[in-house]
Amino acid sequence: MMLKKILVANRGEIACRVFRTAKRMGLATVAVYSDADARAPHVLMADEAVRLGPAPAAESYLKADLILAAAKATGADCIHPGYGFLSERESFARACAEAGIAFVGPPPAAIAAMGDKIESKKLAKAAGVNVVPGFLGEIADTEEAVTIASGIGYPVMMKASAGGGGKGMRLAYSEQDVREGFEATKREGLASFGDDRVFIEKFIESPRHIEIQLLGDQHGNILYLNERECSIQRRHQKVVEEAPSPFVTPKMRKAMGEQAVALARAVGYYSAGTVELIVSGADTTGEGFYFLEMNTRLQVEHPVTEAITGIDLVEQMIRVASGEALAFTQADIGINGWAIENRVYAEDPYRGFLPSTGRLVRYSPPESEGTPYTDPQASPQRKLGSQAAGGALSNGETPAFAGVTDMEEAGQQPYTRVDDGVREGGEVSIFYDPMIAKLITWAPTREGAIDAQIAALDAFEIEGPGNNIDFLSALMQHPRFRSGTITTGFIAEEYPDGFHGAPASPDLLRSLAAIAAFAATAEADRARRSDGQLGDRLQPPADWTVRIDGVDHNIELDEDEISVDGVALDLAMEYTPGDRVVEAEIDGEPLIVKIARTRTGFKLTTRGASHIVRTLPAHVAPYARHLIEKVPPDLSRFLLCPMPGLLMRLDVAAGDTVVLGQPLAVVEAMKMENILRAEKAGIVKSVSAAPGDSLAVDAVILEID
């Protein structure tokens, strides 16, 4: 019997995502919300909405009894948990069943078996699945953790048993790291998941993170829907996901998929779920993969699987919860093209990726469309690496590229999809995850999907909180990423000194100089048309000196062409003063640039970096050298709060001597603990904050002499 009304026990983009499919299926929809989300898009999108409580998740979205009461009050006959919050709580799934409400997810017993990271590893090992060496029992205290870690051999990973989403995880390379991180891992596990148990396992260096998407019904059918590569991570939280993986061969895909299905079958699993694997990138046999954990829910990165299979995973979850059997078999599952997802976060990559909060003064995502879902049985799909698709590998191809065909010839064009749950004027709150949106692109080839991401990121406008758009664009342009030779250490290895913007080629800088001169001419032309000016109206300058990244470029414009440093440039663009984005074509290549006026020129943002551009008429520019530059004040003696957050701990007092790198304080933001260390040696002169204080960004915590 088909369900009639669905309540989504979640917020933000995942609630909106479920509602879109539910409405397409004809289901009535119910939203729940906290006080912080009273006017959020997911609330406005639903047919009905029920308030849960105050902003903190522990008083709203984690209150199972309130959610069940909302379902009963509105007559909802099913609940979709989304991801996070209660999605992997066996008690919540069981409570739904006891209340006669269908849980759109796996059965409680499967959640209990797989949701506990320690027990799931024991089950996987018993089922013959490769597991990473580690200690799966309960660890009493820090001393026992040190003993266990030393026995396994460093480096080791400390993980909260009920953890997920990159929270409750610490990497330890030494005994000191264990002593510093074990208790913090326990606290994060307790704060985020209500469980402070921690397990320790061997950390495989140079690993790839690859996961298998599963889908099963209540009639014993379980399928694997290929793999996703999630190796681009920061602090163990996924940043970029793609499907398929450029590393996985057809033989490897089959082996991983069949093991994942066998494990799911052993615990009576149905609905959507994901088996996460750690894969040795150095092992070319295809056998070097190990079970990490199983996520008994829909994953954040599910859209890339939908893009390459044409299957709406949310629809299938609802149908399975209704008791329907899957309408397709493993033989119907192929791979069509390539999909990449970037997670757009409210964080500042230029300040060590610190969380950022505040009002979305401007929010304008690129033009997008939904995934074109298809019937797997009726849709011919390219199967990468299959003999039928092309046979032997050609020179230089990675295994997954074997048999690639030109899908554009078949009329399939690249597309962009944006999954979000925010709107312009809304607030990025300190109470919830900092993800603003998910940007998904599909193309016939991996290179095409990457290029589509770069163009979409260039067009993505966000003002207010800091965001990682520049960083994501830099990742997409990075030669190592484009080659597919990635590991989970990619970001740490390629950006050891932090992120300072994507490097710009000389050609790109010349193009930006030309765009700035064109825009400056338009601004000057508007200024000369103002009424009430004395004398004759002046013509706008035709010659400009444009300084970008410390280099001056001479720009000459006339009616027919524009030249940069004496070299003609084929530039086609339109600009009206006040425009925020310009779309240019330079020597036949498209370029999208975000543009903002400054006192002496423009701020131009494109291709993963912002450039402050000074535009002066050529006859004025020589005098600029006489201007005195303002020197910023020295703030190195202050310990400043790097992000809005709660001061959890202060490790020093006035008069204490500190050394370089010494931990001074712990600030919690976005459910993550951040250790603040001394950037200089000295003596603490004064303390301006106390544990328990809520601090704004750049608030002074203490001063060091």
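Residues numbered from 1 in each chain as written. Predicted model: local features only at pLDDT ≥ 70, side-chain atom pairs only at ≥ 80, totals over all residues. Heavy atoms only, no water.

Enquirer: Whenever I open this one, the confidence of the model for the chain confuses me. Can you help?
Expert: In low-pLDDT segments, the atomic positions of the prediction should not be examined closely. Averaged over the chain, the pLDDT score is 90; the fraction of residues at 70 or greater is 94%. In this model, residues 379–411 is a region of pLDDT below 50 whose contacts with residues beyond four sequence positions or in other chains number 62 contacts. (pLDDT = per-residue confidence, 0-100. Contact = heavy atoms within 4.5 Å.)

Enquirer: Whenever I open this one, helix α9 (residues 250–266) confuses me. Can you help?
Expert: Residues spaced three or four apart along an α-helix point in a common direction, a consequence of the helix completing one turn every 3.6 residues. Helix length check: α9, at 17 residues, gives a terminal C-alpha distance of 24 Å against a target of 24 Å (1.5 Å per residue), a fit within 8%. Those residues of α9 that fall on the buried side of the exposure criterion are Met252, Arg253, Met256, Gly257, Ala260, Val261, Leu263 and Ala264. Looking straight down α9, one finds its buried side chains confined to an arc of 160°; they lie on one side. Across α9 from its buried face, at more than 90 degrees, point the exposed residues Lys251 and Ala266. Next to the buried residues of α9 lie α5 (108–115), α6 (117–126), β10 (207–216), β11 (222–234), β13 (271–280) and β14 (289–295). Directly after α9, the chain includes Gly268, whose backbone phi takes a positive value near 65°. (Helix = DSSP H or I, 4+ residues; strand = E, 2+ residues; numbered from the N terminus. Expected span 1.5 Å × (residues − 1). Buried < 20%, exposed > 50% of the residue type's maximum accessible area, 1.4 Å probe, protein only. Arc of directions from axis to C-beta.)

Enquirer: Would you take a moment to explain the sheet that holds β13 for this structure?
Expert: Within a sheet, neighbouring strands are paired by backbone hydrogen bonds and run either parallel or antiparallel to one another. Pairing is antiparallel in the open sheet, where eight strands are placed in the order β14-β13-β10-β11-β12-β15-β22-β20. Two strands bound the open sheet, and with one partner strand each, they are β14 and β20 (415–420). Between one strand axis and the next, the sheet turns by 25° as a mean value, whatever way the strands run. Two strands pair when backbone bridges link them, and β20 and strand β22 (residues 435–443) are joined in this way by six bridges, in the antiparallel orientation. Bridging across to β22, Tyr415 finds its partner in Trp442. Packing of α9 onto the sheet brings it into contact with β10, β11, β13 and β14, and relative to β11 it is tilted by some 110°. (Pairing = 2+ DSSP bridges. Axes fitted to C-alpha atoms, helices over the stretch in contact; angles between N-to-C directions.)

Enquirer: Looking at this structure, I do not really get the pairing of β10. What am I missing?
Expert: Sheet faces and side chains relate simply in a regular strand, where the side chains alternate between the two faces. In terms of residue burial, β10 counts as a mostly covered element, since 10 of its 10 residues are buried. Judged from the 10 bridges that link them, β10 and β13 form a sheet pairing that is antiparallel. Bridge assignment links Leu214 to a residue of β13, and that residue is Gly273. With six bridges connecting them, β10 and β11 associate as antiparallel partners. Paired with Leu215 across the two strands is Leu223, which belongs to β11. Where β10 hands over to β11, the hairpin turn is made up of five residues, of which Gly220 adopts a positive phi near 90°.

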